[in-house]
Amino acid sequence: MSMTYPLARLLGALAESEAAALGVPMAVALVDGEGGLLFFARMDGALPAATEIAVSKAFTAATLRMSTDEVGRLAQPGGVLYGIQHTHSGKIVLFGGGHPLRLNGDVCGAIGISGGTPEQDVEAALPVVEALEEMEKWSWFVKDLLPERRLKRQPTERLEVELGHEFEQIGRPVSSRWCSILAGAIILAASAGA
């Protein structure tokens, strides 16, 4: 399964929430498994350089199938990837903030975040990696609960908002992160059922 735009948009919104919680304006990029850009957002106040860096971090993580900080460790003098940053027109990044995203154990895409320190960028990206893992786990459960007609329809652009309203209507409001996890699970279930 490959990364789709609805899923990338949802994960991008989660990354923006993480950056806001850190109080650091960041740029967020999500790419497919080949490194092609699917989603990009730059928060107000993010460094202009963060744009290209976020996209390059996502590209690096997707095409090399490892985090950018791991690539950086392997690219040190004497390392097996020494000099790799000079390939791919300089798009290979050697510091934290880029992470591959996996579905069914295979890389389906990647996220790249830039705007803070490398440690802050990683801190904003890792919850997104974890959220996709949660979405995948829930998608197997959700698939059996959804009517077949719902699985055949493309999930709406703002499924997480619809879910939030539904939970409020029944007197069980849930966090926006939880609505995003459920929305992602439905998107994954619909993709698997299509």
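Each remark here, short or long, concerns the structure printed above.
Residues numbered from 1 in each chain as written. Predicted model: local features only at pLDDT ≥ 70, side-chain atom pairs only at ≥ 80, totals over all residues. Heavy atoms only, no water.

S.K.: Describe in detail the sheet that holds strand β2 (residues 37-42), supporting the description with residues and values.
M.R.: Pairing in this open sheet of four strands is antiparallel, and the strands run β2-β1-β4-β3 from one edge to the other. Of all the strands in the sheet, just β2 and β3 (98-103) have a single pairing partner and so form its edges. The sheet shows a mean angle of 15° between the axes of neighbouring strands, direction not considered. Bridge count between strand β1 (residues 27-32) and β2: five bridges; the pairing is antiparallel. (Pairing = 2+ DSSP bridges. Helix = DSSP H or I, 4+ residues; strand = E, 2+ residues; numbered from the N terminus. Axes fitted to C-alpha atoms, helices over the stretch in contact; angles between N-to-C directions.)

S.K.: Before we move on, could you go through the nonpolar core and cite the residues and values that matter?
M.R.: Leu7, Leu11, Leu101, Ile111, Leu132 and Met135 are the most contacted members of the largest nonpolar core, which has 39 residues in total. When residues of this core are traced back to their parent elements, those giving at least two are α1 (5-22), β1, β2, β3, β4 (106-114), α4 (118-145), α6 (159-169) and α7 (176-193). Considering each element in turn, this core owes the most residues, nine residues, to α7. Every residue in contact with Leu101, bar those within four places of it in the chain, is listed here: Met3, Leu11, Leu30, Asp106, Val107, Cys108, Gly109, Ala110, Ile111, Val129 and Leu132. Membership of the second largest hydrophobic core comes to nine residues, among which are Ala29, Ala54, Ala58 and Ala62. (Core = buried A, V, L, I, M, F, W, Y, C linked by side-chain atoms within 4.5 Å. Buried < 20%, exposed > 50% of the residue type's maximum accessible area, 1.4 Å probe, protein only. Contact = heavy atoms within 4.5 Å.)

S.K.: So what's going on with the pattern of salt bridges? Which residues, and what values?
M.R.: When their charged atoms lie close together, side chains carrying opposite charge are able to pair. Applying the stated criterion across every chain yields a total of three salt bridges. When the shortest N-O distance is used, the salt bridge between Asp69 and Arg73 registers 4.0 Å. One end of the pair, Asp69, and the other, Arg73, are both in helix α3 (residues 68-74), four residues apart, so they sit about a helical turn from each other. For Asp69, a relative accessible area of 27% translates into the label partly exposed. When the shortest N-O distance is used, the salt bridge between Glu134 and Arg177 registers 3.3 Å. In this pair, Glu134 is assigned in helix α4 and Arg177 in helix α7, connecting sequence segments 43 residues apart. (Salt bridge = Lys/Arg side-chain N within 4 Å of Asp/Glu carboxyl O.)

S.K.: Please provide a residue-by-residue account of the environment of Arg102, values included.
M.R.: Considering the arrangement of structural elements, one finds Arg102 in strand β3. By relative accessible area, Arg102 is classed as partly exposed at 38%. The residues contacting Arg102, other than those within four sequence positions of it, are Arg65, Val107, Cys108, Leu132 and Glu136. A distance of 3.4 Å separates a polar atom in the side chain of Arg102 from the backbone oxygen of Arg65. (Polar contact = N/O pair within 3.5 Å; in protein donor to acceptor, adjacent residues only side chain to side chain.)

S.K.: Hey, could you go over the pairing of β1 for me, with residue numbers and the actual values?
M.R.: Burial within β1 is extensive, with five of its six residues counted as buried. Once β1 ends, the chain turns through four residues before running back antiparallel as β2, passing Gly35 with a positive phi of about 90°. Direction of pairing for β1 relative to β4: antiparallel, over a ladder of six bridges. Paired with Val28 across the strands is Ile113, a residue of β4.

S.K.: Let's hear about unusual backbone geometry: which residues, and what values?
M.R.: A positive phi angle is found at Arg65, which is not glycine, with a value near 60°. Note on placement: Arg65 falls in the loop between α2 (50-64) and α3. We note that Asn104 has phi near 55°; this positive angle belongs to a residue other than glycine. Along the polypeptide, Asn104 turns up in the loop between β3 and β4.

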